[in-house]
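Examining the three-dimensional arrangement
Chain residues, written in single-letter form:
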Amino acid sequence: TAYHYPHKTLGMQGFKALGGWTVRAVDPGVQRVYTSSDLLTEDTDVRHTAKVLRSRAWCQRSGSKQYSAQTKKRHERALVDVQHKLNCVPFRRTADPAKFGRYVDALTEPMTWDALQRYAKHRVLRKDRFQAKRHLQRALDHEVGVLCKLREGTDQTLLLYGNGASSNIFRKVKNTAKGPAKKLFDQAVRRKKAVCIWADEFRTSKLGIDGHLLVHPEERRVDRLDPPPCKAARHYLGEAFPGCRCFCNERLCHSKRKVLYHCAVHAKRHFQHDVCCQTTGSKYERRTWNRDVAGALNTGCLSLGQALGLRGQVGMWDCGARDGMGKVGSHKGEIRTTLLSWAEIFGSAGQALPFLLPSTKPLA
């Protein structure tokens, strides 16, 4: 089967060119590997087409947590003497080549090197590593099949995948369970499960589908507002001890943290919302939102709008737009003082909204 994206016919025929396609917009993330919603579903409510894969659910299905725990226990039993010897060597984490050479010399000693080689060649360890890779690949194939599943009455799937995962930046986030945001895209392309396109997701999580700025409500949970504990060996403000986290996160601020990562002064500025239209990510005009689902819809609508040649009408979703706290947008020198909803953007081209969201209150 020849897989292609009908972007040329889409500009001439509109959404009729996507007849027989399952158009699925995907918003990748960290805590949620992806959140997807189907577009051009005719009479189907878009909220009924949402799919979510959480990172913790992925870790349970792939067995990565169990394999990591087993490997850690085996490593502690087999290499306890070697690890203790290496921990006693100073400067093992320094960037100075002269000091790091001491750690390399201790690592390449015959007794230490032979113990590491015997551990790496152990039959049980290699077997567990092979089984872990097999379970991981099986879980990945299953999730790709779920993500690229055809809707009834269609014969091809078009994935508008958010380009936030293209650089695999979600794998670099620390202290959280991570999922294969980029591997899902690569595996779908390799297996030819769908036509996969990196879609621009600029401001898709910042603006709602009605074009207004989304401002998250002020954090009031005490456990989230307390400053995180500092685990540095020495606490000192300066470049000599970059691991210390006792001071404010703002540049050139020498005050200690009081609220989350900020001092008392910068915390007030951080949690202050100077926006004319106070909106939140949960409720706005008696309409309940899911931030990730709204982001997926924005990503899909932005990609379809650009394919239709509506780049000058996308307003604040354009990469060249000036923000101005959600009041001003520009495109090629054109200043836009109003925020347009997707209903108004597609309506200017004579197209209907690409998704159905039944409600007594219109989106426009």
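Relevant structure appears above.
About the cut-offs
- Residues numbered from 1 in each chain as written.
- Predicted model: local features only at pLDDT ≥ 70, side-chain atom pairs only at ≥ 80, totals over all residues.
- Heavy atoms only, no water.
- Pairing = 2+ DSSP bridges.
- Helix = DSSP H or I, 4+ residues; strand = E, 2+ residues; numbered from the N terminus.
- Axes fitted to C-alpha atoms, helices over the stretch in contact; angles between N-to-C directions.
- Contact = heavy atoms within 4.5 Å.
- Core = buried A, V, L, I, M, F, W, Y, C linked by side-chain atoms within 4.5 Å.
- Buried < 20%, exposed > 50% of the residue type's maximum accessible area, 1.4 Å probe, protein only.
- Arc of directions from axis to C-beta.
- Patch = residues over 30% accessible without salt bridge, like charges linked within 9 Å, V, L, I, M, F, W, Y side chains within 5 Å.
- Areas by Shrake-Rupley, 256 points an atom, 1.4 Å probe, with all protein chains shown as cover.
- Salt bridge = Lys/Arg side-chain N within 4 Å of Asp/Glu carboxyl O.
- Lys, Arg positive; Asp, Glu negative; His and termini not counted.
- Charge placed at Lys NZ, Arg CZ, Asp CG, Glu CD.
- Phe/Tyr/Trp six-rings, centres within 6.5 Å; stacked < 30°, edge-to-face > 60°.

1. Some thoughts on the sheet that holds strand E5 (residues 195–199)
Strand order in this open sheet of five strands is E3-E2-E1-E4-E5, and the pairing throughout is mixed. This sheet does not close on itself; its edge strands, each paired only once, are strand E3 (51–54) and E5. Recorded for the sheet is a direction-independent mean angle of 20° between the axes of neighbouring strands. Pairing analysis gives six bridges linking strand E1 (residues 21–28) to strand E2 (residues 32–39), with the strands arranged antiparallel. Within E2, the residue paired with proline 28 across the bridge is tyrosine 34. Across the sheet, helix H2 (residues 55–62) is in contact with E2 and E3; its angle to E3 comes to roughly 65°.

2. Side note on the nonpolar core
Among the nonpolar cores identified, the biggest contains 26 residues, and Val23, Leu39, Leu158, Phe346 and Phe355 are the most heavily contacted of them. For this core, the secondary structure elements donating two or more residues are E1, strand E4 (156–162), E5, helix H11 (291–307) and helix H12 (342–347). When residues in this core are grouped by element, the largest group, five residues, is from H11. Listed in part, the 20 residues of the second largest apolar core include Leu53, Ala139, Val144 and Phe185.

3. A short note on helix H8 (residues 181–191)
Among all positions of H8, only Ala181, Leu184, Phe185, Gln187 and Ala188 are buried. Taken around the axis of H8, the buried residues stretch over an arc of 165°, which confines them to a single face. Contact partners of the buried residues in H8: E1, E2, helix H7 (123–147), E4 and E5. In the segment just after H8, lysine 192 is the residue with positive phi, at about 55°.

4. Re a positive patch on the surface
A contiguous patch of positive charge, built from Arg123, Arg126, Lys127, Arg129, Lys133 and Lys183, is present on the exposed surface. No other element matches the five residues that H7 contributes to the positive patch. Tracing the backbone through its elements, the reader meets arginine 123 in helix H7. Judged by its relative accessible area of 60%, arginine 123 falls in the exposed class.

5. Observations concerning the packing of aromatic side chains
Evaluated as defined, the whole model comprises four aromatic pairs. Seen from their ring centres, tryptophan 342 and phenylalanine 346 are 5.8 Å apart, and the 35° between their planes marks the pair as tilted. Taken as a pair, tryptophan 342 and phenylalanine 346 lie in helix H12 at a separation of four residues, close to a single helical turn. Across the pair, phenylalanine 346 and tryptophan 342 agree in class, each one buried. What links up through ring pairs into an aromatic cluster is the set Tyr161, Phe185 and Trp198.

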